[in-house]
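Examination of the molecular architecture
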Amino acid sequence: MRYLKPFLPVLFFFSTCIGLFAQDLSYYLPTGYNYNPAVPKPKDVIYHEVGQWHVTHDRLVSYMRALAMAAPDRIKLETMGYTYEGRPQVLLIITSPANHQNLEQIRTQHLQLSDPVKAANVNIENMPAVVWIGHSIHGNEPSGSNASLLTAYHLAAAQGPHIEKLLSNTVILFDPSFNPDGLQRFSTWANQHKSKNLVSDPNSREFNEVWPGGRFNHYWFDLNRDWLPAVHVESQNRLRWFHLWKPNLLTDHHEQGTNATFFFQPGVPSRVNPLTPGKNQELTAALATFHARALDSIGTFYFTKEGYDDFYYGKGSTYPDINGGVGILFEQASSRGHLQESSNGLLSFPATIRNQFNTALSTLEGALALRKDFLGFQRDFYKQVPARVAAHPVKAYVVGAAKDQPRIREFATLLDRHQIKIYQLPASLVDADFQSRYSFVVPLDQPQHTLIRTIFERTADYRDSLFYDITSWTLPLAMGLQTKELTTLPASLGSPFLLTEKSLLDDAVIPDLSIGASTYALLVEWDNLYAPAALNQLLQKGVMVKVATQPFEIATNNTARRFEYGTLLIPAQQSTMGRAALQELLNTLIGQYKIVVHPVTSGFSTAGVDLGSAKFVTLNKPSVALLTGSGVNATDAGEVWHLLDQRMDIAASHLEPASVKRVDLSRYNTLVMVGGNYGDLDKDKVKTWVQQGGTLVVLEEAINWAVQSGISTASFKKVKSATDSTQFRAYETRDEVAGAQQVRGAILGATYDPSHPLSFGYRQKEVSLFKANRIFMEKSKNPYQTPFVYGKQPMQSGWMSKENREAASGSAAVTVSSLGSGRVINIADNPNFRAYWLGGSKLFLNALFFAQVIDLGGARNGE
């Protein structure tokens, strides 16, 4: 035994270190409560202590289901929907047994607060406040979802008069994981790299995920930017439940850099969106005192009123602000793994979880204490709608999409998700730009008045020059729609549209196509949003398709009709299929994509080129590879993937830059490079591939790589310096000066050459593109190869510094150059931004389908 004595302290030391960060519930739970032993503790279901491992999404859901079964008088579990990867999005409705007995009545009464007609008469004296607690919309910010285990347990099992009072006066909508797919991806990474002896070195693999990381959803999107555009199924599922209840308060639990502390709102005062009522910020500040008290009690350092803002309404912490509620952002310093060194000492995963848990409880304490204030604010927000309508000069917007019903339907669907009513276009408003089949009216005299304004308005004046996110998001511009402001309402708006296929797309005007013996060819209009999807299906099935490079006029159904650049020509006589099979295929595509197809019985045009002209160019089947992986901007790549896969049904290969040296590139005719750093890419191999006839599509910073690699001949404008070395500046302003030169996201209008293949399908005067970089291209030396150009004053909405505006003026938005037998398409900005920028997607898809149509002689930059 004498040999064991020296060993005992060492054993104790190591066992203490190993167990120090595997805390049991006593480390987290507040004192003063008894807990119902019939309610399972997290460890009973997930098989480890909270914070000992990162909870996986499947175990998280299992625990939430177990709580709902063990405490049915307090918890009702709903499934909002499923993610792309098939994971359930669960929502726990937590309240008192008595409230559960009258839950539907409470919900319908609560919704009366958001009815301008009924709001004034709603009695809020005994009405419960509705609080949405949401966690970890970024999957690799996991302390929120792991804290949800504790909060849910506490709300299900805690006993005593205080918890009874809380549950009686609130309805808690509890969302344990905003981003199930991302959480699962990250938890797997963190757990598989955990050592028994915890490693805290920030350089260790545990803290450095492989691309794309767990932040994003399946398609590599940041779901915390998707509350307003609602492109993704996760957002759409969540919004349905948001508007079923319209919560007074919504919390959004995030993480930030490891060397930070803890942030809670209010944010930077000068960066609050001007449409947000002052009362919203007053309530945010009042609630902050509860968070401060909670964090003070456990010795956690924190900060407010800096770094983060409330400007863009597409985030979880801001979307409630435009719906009569209050959104609250929490940002916890991230341990990323289980234990990490930081400038504030060792940061353990359990410590991050405890802070999130405590601020969830402080939110509920604040909601209880300020219940009538939150309810009163929501009631007043909607009660004041008539006054805001009367004071606002714009009374309605007319919205139209020239000859593109699917595009206008996409926008109508977006508005419907936000409970915005649209109306049929009265005859008095029909003109050349707005036709009844492709247009509707959005009056501002409706409950969502303020939300309509943020969707439609263009912004030019700002209180600040620094922004946490984008500076503009005018959705009609983004989606390529025409709008007109009405300062007076027409005498009659007719009936509201119902969002059904028949009412908005009017299927009656699209009869089944018949290809008879006399049918000579079929003409497909390229204006349609989903025409590229139909073209891809035709080419994949071996159908010969040509594209018109000149407009023409020809008789169809005994009427002469003009067809524009980009019209698709399908000979009725195909070598790969008979007329009956072609007819069946086209009718399927008409039903699926709503394309417009015109049969013709002759190739003789009444004006312009005949159908047998060489001006109709045969198209090749696209074989697309998208570079993805280390160094590539994941969200930009995800936008391309989503566009091709979800919207256009186009399969694209994903290639790692470092693997290109081993790949046979000859199987692809198009290579797409989004913004990023391509240091690992074999430039010589890509250059040879382009010379041999490939099409390289480069976006944003990828243009720099192509130029430096000798593949693209694009050139750039110089941006003037914003600082004068002879001028004195206070040291504390250095971040502000540098930050103001960043382009955080503005909307620029580009004019275009409609005869250029990259412009096929556009009809509006300008194409709105989203700029979030400092790539300002010079116009091509070849006058034929700058198809999109920014004018003298291209800014349509948003903020850019004077120096950046000057650089944008007269710059090229798109240029084309050639190398050997191949083409390089240089697109300075992101035409697919966040997947709702449908106004730019036509440009991008034209590059995939029509690059080979571009005359090489006209793409040689004067060589």
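Presented here is a report on the structure given in the accompanying data block. Here the structure is a predicted model, which means the values were calculated and not measured.

Moving on, we get to unusual backbone geometry. For the peptide bond that leads from tryptophan 211 to proline 212, omega is 5°, which places it in the cis range. The residue proline 212 is located in the loop between helix H8 (180–192) and helix H9 (233–245) in this model. With an omega of 25°, the peptide bond running from glutamine 265 to proline 266 counts as cis. Here proline 266 is to be found in the loop between strand S8 (262–264) and helix H10 (278–297). Although it is not a glycine, lysine 403 sits at a positive phi angle of roughly 55°. Residue placement: lysine 403 occurs in the loop between strand S12 (396–400) and helix H14 (405–417). Even without glycine at this site, asparagine 557 takes up a positive phi of about 55°. Among the secondary structure elements, asparagine 557 is positioned in the loop between strand S17 (552–556) and strand S18 (559–563).

Where helix H18 (residues 531–540) contacts helix H19 (residues 579–593), the axes come no closer than 10 Å and their chain directions differ by 155°. One way to sum up the angle between H18 and H19 is to call them roughly antiparallel. Seen along the crossing, H18 lies across H19 with a hand that is right-handed. Only Leu585, Leu586, Leu589 and Tyr593 of H19 make contact with H18, whose side of the interface consists of Ala533, Ala534, Gln537 and Leu538. Of the residues that constitute the contact of H18 with H19, the class distribution is 7 nonpolar, 1 polar and no charged.

Let us look at the pairing of strand S10 (residues 339–342). Looking at chain direction, S10 and strand S11 (residues 345–348) are connected through 4 bridges and run antiparallel. Residue pairing in the sheet places glutamine 340 in a bridge with leucine 347 of S11. Where S10 folds back on S11, the antiparallel hairpin that results is connected by 2 residues.

The next thing to look at is the sheet that holds strand S27 (residues 746–752). Pairing is mixed across the open sheet formed by 9 strands, whose spatial order is S24-S23-S25-S26-S31-S30-S29-S27-S28. Every interior strand has two partners, whereas the edge strands, strand S24 (652–655) and strand S28 (767–771), have only one. For this sheet, the mean inter-axis angle between neighbouring strands, taken without regard to orientation, is 25°. Each of strand S23 (624–627), strand S25 (670–673), strand S26 (695–699), S28, strand S29 (788–797), strand S30 (812–819) and strand S31 (822–827) touches helix H25 (residues 838–850); the most contacted strand, S26, lies at about 155° to it.

Applying the stated rule across the entire model yields 39 aromatic pairs. Where tryptophan 211 meets tryptophan 220, the ring centres are 4.7 Å apart and the plane angle is 70°; that geometry is what we call edge-to-face. The class for tryptophan 211 is partly exposed, based on a relative accessible area of 22%. Residue classification places tryptophan 220 among the buried positions, given a relative accessible area of 9%. Pairwise contacts between aromatic rings join Tyr84, Trp211, Tyr219, Trp220 and Trp641 into one cluster. The lysine or arginine in question, arginine 388, covers the ring of phenylalanine 381, its NZ or CZ lying 4.7 Å from the ring centre. For the cation-ring pair, lysine 842 lies above tryptophan 526, with the distance from its terminal atom to the ring centre recorded as 5.1 Å.

Attention now goes to the sheet that holds strand S19 (residues 568–571). Taken in spatial order, the 5 strands make up an open sheet running S20-S15-S19-S16-S22, and their pairing is antiparallel. One side of each edge strand has no neighbouring strand; the edge strands of this open sheet are strand S20 (597–600) and strand S22 (616–618). Averaged over all pairs of adjacent strands, the angle between their axes in this sheet comes to 30°, without regard to strand direction. In the sheet, strand S15 (residues 521–524) pairs with S19 via 4 bridges, with the strands oriented antiparallel. For alanine 521, the partnering residue across the bridge sits in S19 and is proline 571. H19 rests against S15, S19 and S20 of the sheet, and its axis sits at about 150° to S19.

Calculation notes
- Residues numbered from 1 in each chain as written.
- Predicted model: local features only at pLDDT ≥ 70, side-chain atom pairs only at ≥ 80, totals over all residues.
- Heavy atoms only, no water.
- Helix = DSSP H or I, 4+ residues; strand = E, 2+ residues; numbered from the N terminus.
- Axes fitted to C-alpha atoms, helices over the stretch in contact; angles between N-to-C directions.
- Parallel < 35°, antiparallel > 145°, perpendicular 65-115°, else oblique.
- Left-handed = near helix turned anticlockwise from the far one by under 90°.
- Contact = heavy atoms within 4.5 Å.
- Nonpolar A, V, L, I, M, F, W, Y, C, P; charged D, E, K, R; others polar.
- Pairing = 2+ DSSP bridges.
- Phe/Tyr/Trp six-rings, centres within 6.5 Å; stacked < 30°, edge-to-face > 60°.
- Buried < 20%, exposed > 50% of the residue type's maximum accessible area, 1.4 Å probe, protein only.
- Lys NZ or Arg CZ within 6 Å of the ring centre and 35° of its normal.

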